[in-house]
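# Overview (structure and organization)
Given next are the chains, with one letter for each unit.
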Amino acid sequence: MTHQPTMLNERVHELDSIRGVAIFGILLMNIMSFAGPFLDIASLFSLPEMFQGKANQFTLFLINTFVTANFYTLFSILFGLGFYIFLDRAKDKTSAPNRLFSRRMTGLLIIGLLHAIFIWYGDILVSYALIGFLLMLFVKVPPKWNLGIAITISVLMTGFIVLLYWVMYKTQDLLMFSETYLEPSGIMEVATNGNYLDILKFNSEYTLIALVGLFFMLPLVLMMFLIGLYIGQKGYYKRIGEIRPFLVKVALVSLILGLPIKLFTAYIQSYRVDDMALMTLVSISNTIGGPLMAIFYLSAFALLFNSFKSLNKFFAPVGRMALTNYVMQSVVMVTLFYGFNLFGKIDMVYLPLIAIIFFIVQVIFSRWYMKRYRFGPLEYLWRRFTYKTKISIKRT
């Protein structure tokens, strides 16, 4: 059997477009860390100067409500769905689809480590690759069981967070948190005064910490992967036009349940970061609020791109080269904010505008590029590694 990647006529264009939107949402979230010491909010329980002031805090509130934890969750669900589609098609191309998928995850891990160490510490590819290996254990599990496991993880982790908040609230006077025990992450000093070797050192140390903390991230990421796997097993992605009433119901229910949670956690993240006990509750944004909003976005954008198919020509190319666009965001933003000494100097209110402008550039470039080539540059290297065969990149 020949090992060949998915061709354009096999792709679900709505999924490519949703993936493109998710890439934009990830930029809207990540630009806060590209542009300033966003890490210090969690380590110092205070807002850095660039996030202070009515306009900045309100902008932060909007991003924390509609973007943070929503779009990386959406991207994770799409990853789980993509895993199912990959294996489903690989069965017709090879007698060892799991081995092919393992090579795919190994390639992603290599790209992720290079990205995390040499470009930007906030990489998500490494965790996706490592946890992705676990998905092979669930591919033959019945869909309802995969969905049940995902819901169970969400309920248990949300309950644990609420319990942790209660404990901290009751004991905060005894714990006597003091500012003397709070230390900045160090990113401000590295980004403003450090050289590239200092950046490499910070990136390497942070990546190591992230790998150690992967044990705690595993349930959350696996939960989102399983939701995507469930969608693939049920075949919903193949019949978007046929299940429109169902998608409308899913969108409404997930929005009604998810938005109040996100408004609550966003208020804490934007206006009450000094309350250590309350900040504990922010994590329910990852366990239930973000996933619900991600399901809303997934359903709503599936309806949008299925109804107005002309939109796919703008967003689908971005999604087809999502890996390249994701890494390119890091390259450009790190160069902009670190290289031109802008780190921590641009107010939060202007960051979404910068993200929008750069995403428009990515849309234009992706359309131009995908008309001439079959795969994005990193996608091409990833496929060469996965299939161990020469693949033509140019369109004929």
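Residues numbered from 1 in each chain as written. Predicted model: local features only at pLDDT ≥ 70, side-chain atom pairs only at ≥ 80, totals over all residues. Heavy atoms only, no water.

## Some points on the packing of helix α1 (residues 13-35) against helix α13 (residues 284-307)
Short version of the rule: Fitted lines through C-alpha atoms give the axes, limited to the stretch in contact for helices. The angle between two N-to-C directions lies from 0 to 180 degrees. In DSSP terms, a helix is any run of H or I states spanning at least four residues, a strand is any run of E spanning at least two, and both are numbered starting from the N terminus. Any angle that is under 35 degrees is reported as roughly parallel, and any over 145 degrees as roughly antiparallel; angles of 65 to 115 degrees are reported as roughly perpendicular and all others as oblique. With the far helix as reference, a near helix turned anticlockwise by less than a right angle produces a left-handed crossing, and one turned clockwise produces a right-handed crossing. Contact between two residues is taken to exist if any of their heavy atoms lie within 4.5 Å; hydrogens are not considered.
The contact between α1 and α13 brings their axes to 9 Å, and the two run at 125°. One finds that α1 runs oblique with respect to α13. As for the relative orientation of α1 and α13, their crossing is right-handed in sense. Taken together, the residues of α13 that come into contact with α1 (itself represented by Glu14, Ser17, Ile18 and Val21) are Leu298, Phe301, Ala302, Phe305 and Asn306.

## Quick word on a nonpolar patch on the surface
Put simply, the rule reads: Patches here: salt-bridge-free residues with over 30% relative accessible area, like charges joined within 9 Å, nonpolar side chains (Val, Leu, Ile, Met, Phe, Trp, Tyr) joined within 5 Å. Areas reported here follow the Shrake-Rupley algorithm with a probe of radius 1.4 Å; residue values treat only the protein chains shown as occluding. Note on definitions: salt bridges are taken to be side-chain nitrogens of Lys or Arg within 4 Å of carboxyl oxygens of Asp or Glu.
A cluster of nonpolar side chains, Phe58, Leu62, Phe66, Tyr267 and Tyr271, forms an exposed patch at the surface whose accessible area comes to about 450 Å². Elements with a contribution of two residues or more to the nonpolar patch: α3 (54-66) and α11 (244-271). For the nonpolar patch, the leading source of residues is α3, giving three residues. Mapped onto the elements of the fold, Leu62 is located in helix α3.

## Regarding unusual backbone geometry
Short version of the rule: Throughout, exposure labels follow a simple rule: accessible area from a 1.4 Å probe, protein chains only, divided by the maximum for the residue type, with under 20% read as buried, over 50% as exposed, and the rest as partly exposed.
Backbone geometry places Asn341, a non-glycine residue, at a positive phi of 55°. Its place among the elements puts Asn341 in the loop between α15 (322-339) and α16 (351-372). Classification of Asn341 as partly exposed rests on a relative accessible area of 37%.

## Some words on the pattern of salt bridges
All told, the structure shown has five salt bridges when counted by the stated rule. When the shortest N-O distance is used, the salt bridge between Asp16 and Arg19 registers 3.0 Å. Of the two residues, Asp16 and Arg19 both sit in helix α1, three residues apart, roughly one turn of that helix. Accessibility classification places Asp16 together with Arg19 in one group, the buried group. One connected set of salt bridges, linked through shared partners, spans Asp16, Arg19 and Arg320.

## What about the nonpolar core?
Rules: Residues grouped as a nonpolar core are buried Ala, Val, Leu, Ile, Met, Phe, Trp, Tyr and Cys residues, joined through side-chain atoms within 4.5 Å.
Leu74, Leu108, Tyr128, Phe337, Tyr338 and Leu351 are the most contacted members of the largest nonpolar core, which totals 121 residues. Here this core takes 14 residues from helix α4 (residues 71-90), the largest share from any one element. With sequence-adjacent residues up to four places away left out, Phe337 is seen in contact with Ile31, Phe34, Ala35, Leu342, Phe343, Ile346, Leu351 and Ile354.

## What about the packing of aromatic side chains?
Put simply, the rule is: A pair of Phe, Tyr and Trp rings is counted when the ring centres sit within 6.5 Å of each other, with Trp represented by its six-membered ring. The angle between the planes then sorts it: under 30 degrees is stacked, over 60 is edge-to-face, the rest tilted.
The full count for this structure, using the stated rule, is 30 aromatic pairs. Between Tyr121 and Tyr206 the ring centres are 4.8 Å apart and the planes differ by 65°, which places this aromatic pair in the edge-to-face class. Residue Tyr121 is located in the loop between α5 (97-118) and α6 (125-132), and its partner Tyr206 is located in helix α9 (residues 196-212); the two are separated by 85 residues in the primary sequence. By relative accessible area, Tyr206 is classed as partly exposed at 28%. Aromatic pair Tyr338 and Phe343: ring centres 5.4 Å apart, planes at 85°, arrangement edge-to-face.

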